[in-house]
Amino acid sequence: GQRSNSVGSPVRPIPASRPARGIPCPSSCPKVQPHCPQVQKALRALTVPLETLQVLKGHMMQDMRKGLSRQMHAQATMQMLPTFICSMPDGTGKTQLDKVGGTTLTWGCGHLLPSTSVVLEANSSATCSPQAELTSWSKGFKCTGVEGKDVVQLLQSAINKEELYVDVVALMNDTVGTMMTSSVEDKACEVAIIIDAGTNSCFMAEAQQVEMVEESSGRMCVNTEWGCFGDDTTLSGIMTTYDQRVDKESSNPGKKRFGEILESVTGLLAPECTITLLPSVDGTGRGAAIVTAVALRLADQRREVDQLLSPLRLSRSDLQRVQALMRQEMDLGLGKETNARSSVRMLPTYVRATPDGTERGEFLALDLGGTNFRVLVVRVAEDSIRMASEIYVIPTSIIQGTGVELFNHIVECIMDFQLKQDLMEQILPLGFTFSFPCQQLGLDKAVLLSWTKGFNASGCVGQDVVQLLRDAALRKQHFTLKVVAVVNDTVGTMMSCGYDDPKCEIGLIVGTGTNACYMEEMRNVGTVEGNEGRMCINMEWGAFGDNGCLDHIFTNFDQMVDEKTINPGKQRFEKLISGMYLGEIVRYILLAMVEKRVLFRGKPCPKLQTKDIFQTKFLSTIEIDGLALKKVLAILRDLDLHASFEDSVLVREVCQTVSLRAAQLCAAGMAAVVEKMRENRGLDQLIVTVGVDGTLYKMHPHFSQNLQQTLQVLAPKCSVTFLQSEDGSGKGAALVAAVACRKAGP
């Protein structure tokens, strides 16, 4: 016979020339004959083909999935009990192990609320509170009044009654203890099996797969209770009459031979897995002590983590205070006499209306906000908007050169675009998106306050950028250029969305930077003459808090980020929210955790010292729901951070904390805006739409949801819809020009 397709003991027929040793024939046989048909029949009955084992493997995996499922758990024969053990020994708990004393009691608990076997620890300050409800006694125990009760509480009560200084801090069974014991010697040990008088297994599963508990991040050890597998007749096809009659005394295989067969067959059934069998020593005793040490380490780690992150976790009252301060700064910024005292500039844009759907015609748009800029033609019809555009590059030599060179280059690109679009002979209104700090003195007049984003062209600061563009057109003899409006990207976003939704009266940018604009009543705009109608106000809220009003919100991590920027002390609200800075905040927190020895085992991480190495895009990826921790590990290892699964969970928690705070602070600012609009209009309930743009809002998996949920809490009398902008800085600029032409009339 061949061994390749069957697993038994033995598999090959015994040769006739050799006597069989240790295999007695039935009493009906006069002699021990190796070729005895009854012997061969008995051995064949105990032989299980590999194909059958593959089928059983499939059945077991299906039953495991049922056991992990909340909906199908009751249908599973394997209970797949969560142990609430979410961490493995990391080699740092030796001093804690020395403190573990007392007793280990091993009971067979069914329904576990966190685990299975009670561990005592003397003189412990741990705050753990394990629970386990005993479903039934086994192994000869029959004490009354215990089944259905929390055995940990019963034990703790008995200990307290004796006035002993002992706390129950962890709960586990012998299978888990076996895994934990082996993990000290082999850090990769994540599976344990017990094969003795009984049998069981446990393994580390992704916590999100364990639907019976709320925990969804990291990993958790699952006690399979696989001894019950087959109680639903799944194993009936391989059960023999011998299995039904066997008793404990008849099974005593040699350990070495059993291990060889187990490892060999497991390799055949799971060829994609490399498995090493490591015999455990005192899994129930030493393993229990290790579980206790891990529990204590995690309790200490949790205290350190909470202490580091607590300043970033904002309460409702914290956010309401930020909302009130934003409102206060808005009112100061709108006042003619108080504007200089406000950190929120509240700049008039001279945009007096949003699109009403009657705009028609062709318009040019120029979008200048970085080293690449676009020229567009936008055709507004009754039922559609069509656009054509081209991107042009501004060489560094021009960015760092003179203003004349810069605006000459821009006009040359406009002329090139018009020539390609056959528009050279037409005089089209142009909307100019200029995304640099400006003081706007009219719809088509904006004085540059300062260059940012690497621009440093001379002769521009303090000048009207529209006039600089017109002067360049005259130098180039381009007499058909007609600039009718200059706006920033926030206003463009509002106008772009306003064309699709007439209720859109707010613009919001949350990307590399952040800003907001909204339609304010003219009677409240003290910096502009006139009381009738409304005007869009460019808040420039990124500077909120530059006057110190938000000092109570800033943490040590925020201060460190601010100090390393090119504009320390400026744009402080933006540095709490926008994508340019969130990764840096996370990086400084991770460094603090390494210093506290709660991350990466306290080992130095030279690459983490590099500024901007942890990009905000990593937050967006790491926080994706359902992202396996292995992928998080891959991201960290690409940064040369040698992280464990536990480290991955902590890094994810830090990312979530930082991005949540950013969304909440953004919501607090927006709550101040919508509440002011509601009060301005004397409404019990405001219905308004926010046009929003920016990579952080659009790409982060939870930012938009956290922002909207927080806004509902802070501004319950406002019904706010968020509408994502499509090309606000391009289409929006053209629509500003279109509205201006409509308002001007024929």
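Computed from a prediction, not measured in an experiment: that's the story for all the values here.

**Observations regarding the nonpolar core**
Side chains of a nonpolar character, in soluble globular proteins, are inclined to be buried together. Of all hydrophobic cores here, the largest spans 94 residues; its most connected members are Leu 508, Tyr 518, Met 539, Phe 614 and Phe 703. Here the element with the most residues in this core is helix 19 (residues 645–680); it accounts for 18 residues. Grouped together as the second largest cluster of nonpolar side chains are 40 residues, Phe 417, Leu 423, Leu 430 and Leu 468 included.

**As for the environment of Asn 515**
Along the polypeptide, Asn 515 turns up in strand 19 (residues 514–521). Separated by 26 residues in the primary sequence, Asn 515 and Trp 541 place their C-alpha atoms 5.4 Å from one another. Apart from residues no more than four positions distant in its own chain, Asn 515 is found in contact with Asn 488, Thr 490, Gly 507, Leu 508, Ile 509, Asn 538, Met 539, Glu 540 and Trp 541. Within polar-contact distance, the side chain of Asn 515 engages the side chain of Thr 490 at 3.3 Å. Within the local environment of Asn 515, its side chain forms a polar contact with the backbone nitrogen of Glu 540, the two atoms lying 2.8 Å apart.

**Points about the sheet that holds strand 12 (residues 372–380)**
Strands sit in the order 13-12-11-14-17 across an open sheet of five strands; the sheet is mixed. Across the chains shown, the open sheet's two edge strands, defined by having one partner strand only, are strand 13 (385–393) and strand 17 (482–487). Neighbour to neighbour, the strand axes of the sheet diverge by 20° on average, direction disregarded. Of the strand pairs in this sheet, strand 14 (residues 429–434) and strand 17 are connected by five bridges, and their pairing is parallel. By the bridge assignment for strand 17, Leu 430 is matched with Val 483. Together, strand 11 (361–368), strand 14 and strand 17 form the strand contacts of helix 12 (residues 465–475), whose direction differs from that of strand 17 by roughly 150°.

**Brief notes about the sheet that holds strand 9 (residues 219–223)**
Through backbone hydrogen bonds, the strands of a sheet pair up, either in parallel or in antiparallel fashion. Taken together, four strands build an open sheet; the order of strands is 3-9-8-7 and the sheet is antiparallel. Looking along the sheet, the strands with just one partner apiece sit at the ends: strand 3 (81–82) and strand 7 (191–195). The pairing of strand 3 with strand 9 spans two bridges and is antiparallel. From the neighbouring strand, Leu 81 faces strand 9, where its bridge partner is Asn 223.

**Description of the pattern of salt bridges**
Considering all chains together, one arrives at 30 salt bridges under this definition. Among the ionic pairs, Lys 611 bridges to Asp 612, the shortest N-O distance being 3.1 Å. Look at Asp 612 and you get partly exposed, because its relative accessible area is 40%. A salt bridge links Glu 675 to Arg 678; the nearest nitrogen and oxygen atoms lie 3.0 Å apart. Within this pair, Glu 675 and its partner Arg 678 are both found in helix 19, separated by three residues, close to a single helical turn. Overall, the relative accessible area of 11% leaves Arg 678 in the buried class. A single network of salt bridges, built from pairs that share partners, joins Glu 505, Glu 521, Arg 523, Arg 534 and Arg 681.

**Let's talk about helix 4 (residues 151–161)**
Looking at helix 4, one finds that the buried residues are Val 151, Val 152, Leu 155, Gln 156 and Ile 159. The buried residues of helix 4 occupy an angular sector of 130° when the element is viewed end-on, so they sit on one face. Looking at the residues trailing helix 4, positive phi occurs at Glu 163, about 55°.

**A word on a nonpolar patch on the surface**
There is a patch of nonpolar side chains on the surface, built from Val 191, Ile 193 and Ile 195 and spanning about 240 Å² of accessible area. Within the secondary structure layout, Ile 195 lies in strand 7. Judged by its relative accessible area of 43%, Ile 195 is partly exposed.

**Re the pairing of strand 15 (residues 438–442)**
Judged from the four bridges that link them, strand 15 and strand 16 (residues 445–448) form a sheet pairing that is antiparallel. Counted as the bridge partner of Gly 442 is Lys 445 from strand 16. Linking strand 15 back to strand 16 in an antiparallel pair, the connection comprises two residues.

**Side note on empty space enclosed by the protein**
Enumeration over the complete set of coordinates arrives at two cavities of 30 Å³ or more. Each pocket or cavity is described by its volume, and for the largest cavity that value is around 130 Å³. If you go around the largest cavity, you meet 14 residues; those closest to its centre are Cys 438, Gln 440, Val 487, Asn 488 and Asn 538. Of all the elements in the fold, those that place two or more residues in the lining of the largest cavity are strand 10 (347–348), strand 15 and strand 17.

**Some words on the packing of aromatic side chains**
As enumerated under the stated definition, the model contains 11 aromatic pairs in all. Seen from their ring centres, Phe 436 and Phe 455 are 5.0 Å apart, and the 65° between their planes marks the pair as edge-to-face. With Phe 436 in the loop between strand 14 and strand 15 and Phe 455 in the loop between strand 16 and helix 12, this residue pair connects regions lying 19 residues apart in the sequence. Judged by its relative accessible area of 4%, Phe 436 is buried. One aromatic cluster is present, formed by Phe 432, Phe 434, Phe 436, Trp 451 and Phe 455 through successive ring pairs. Directly above the ring of Phe 554 sits Arg 572, whose terminal nitrogen or CZ lies 3.8 Å from the centroid.

**Some points on the environment of Gly 548**
Note that Gly 548 resides in the loop between strand 20 (534–538) and helix 14 (556–563). Judged by relative accessible area, which is 26%, Gly 548 ranks as partly exposed. The spacing of Gly 548 and Arg 572 is 24 residues in sequence and 9.4 Å in space, taken between C-alpha atoms.

**Overview of the confidence of the model for the chain**
Summary statistics for the chain give a mean pLDDT of 82 and a share of 84% for residues scoring 70 or more. Considering only residues more than four positions removed or in separate chains, one finds that residues 1–28, a stretch of pLDDT under 50, has 44 contacts. Residue range residues 247–256 is modelled with pLDDT below 50. Its contacts to residues more than four positions away, or to other chains, number one contact.

**As for unusual backbone geometry**
The phi angle at Gln 571 is positive, at roughly 55°, despite the residue not being glycine. Looking at where Gln 571 falls in the secondary structure, it is placed in the loop between helix 14 and helix 15 (574–577). A positive phi angle, near 65°, is found at Asp 612, a position not held by glycine.

Reading the values: rules and limits
- Residues numbered from 1 in each chain as written.
- Predicted model: local features only at pLDDT ≥ 70, side-chain atom pairs only at ≥ 80, totals over all residues.
- Heavy atoms only, no water.
- Core = buried A, V, L, I, M, F, W, Y, C linked by side-chain atoms within 4.5 Å.
- Buried < 20%, exposed > 50% of the residue type's maximum accessible area, 1.4 Å probe, protein only.
- Helix = DSSP H or I, 4+ residues; strand = E, 2+ residues; numbered from the N terminus.
- Contact = heavy atoms within 4.5 Å.
- Polar contact = N/O pair within 3.5 Å; in protein donor to acceptor, adjacent residues only side chain to side chain.
- Pairing = 2+ DSSP bridges.
- Axes fitted to C-alpha atoms, helices over the stretch in contact; angles between N-to-C directions.
- Salt bridge = Lys/Arg side-chain N within 4 Å of Asp/Glu carboxyl O.
- Arc of directions from axis to C-beta.
- Patch = residues over 30% accessible without salt bridge, like charges linked within 9 Å, V, L, I, M, F, W, Y side chains within 5 Å.
- Areas by Shrake-Rupley, 256 points an atom, 1.4 Å probe, with all protein chains shown as cover.
- 1 Å grid on protein atoms, 1.4 Å probe; cavity = no way out; pocket = protein on both sides within 12 Å on 5 of 7 lines; lining within 4 Å.
- Points joined across faces, edges and corners; volume = space filled by probe spheres on them.
- Phe/Tyr/Trp six-rings, centres within 6.5 Å; stacked < 30°, edge-to-face > 60°.
- Lys NZ or Arg CZ within 6 Å of the ring centre and 35° of its normal.
- pLDDT = per-residue confidence, 0-100.

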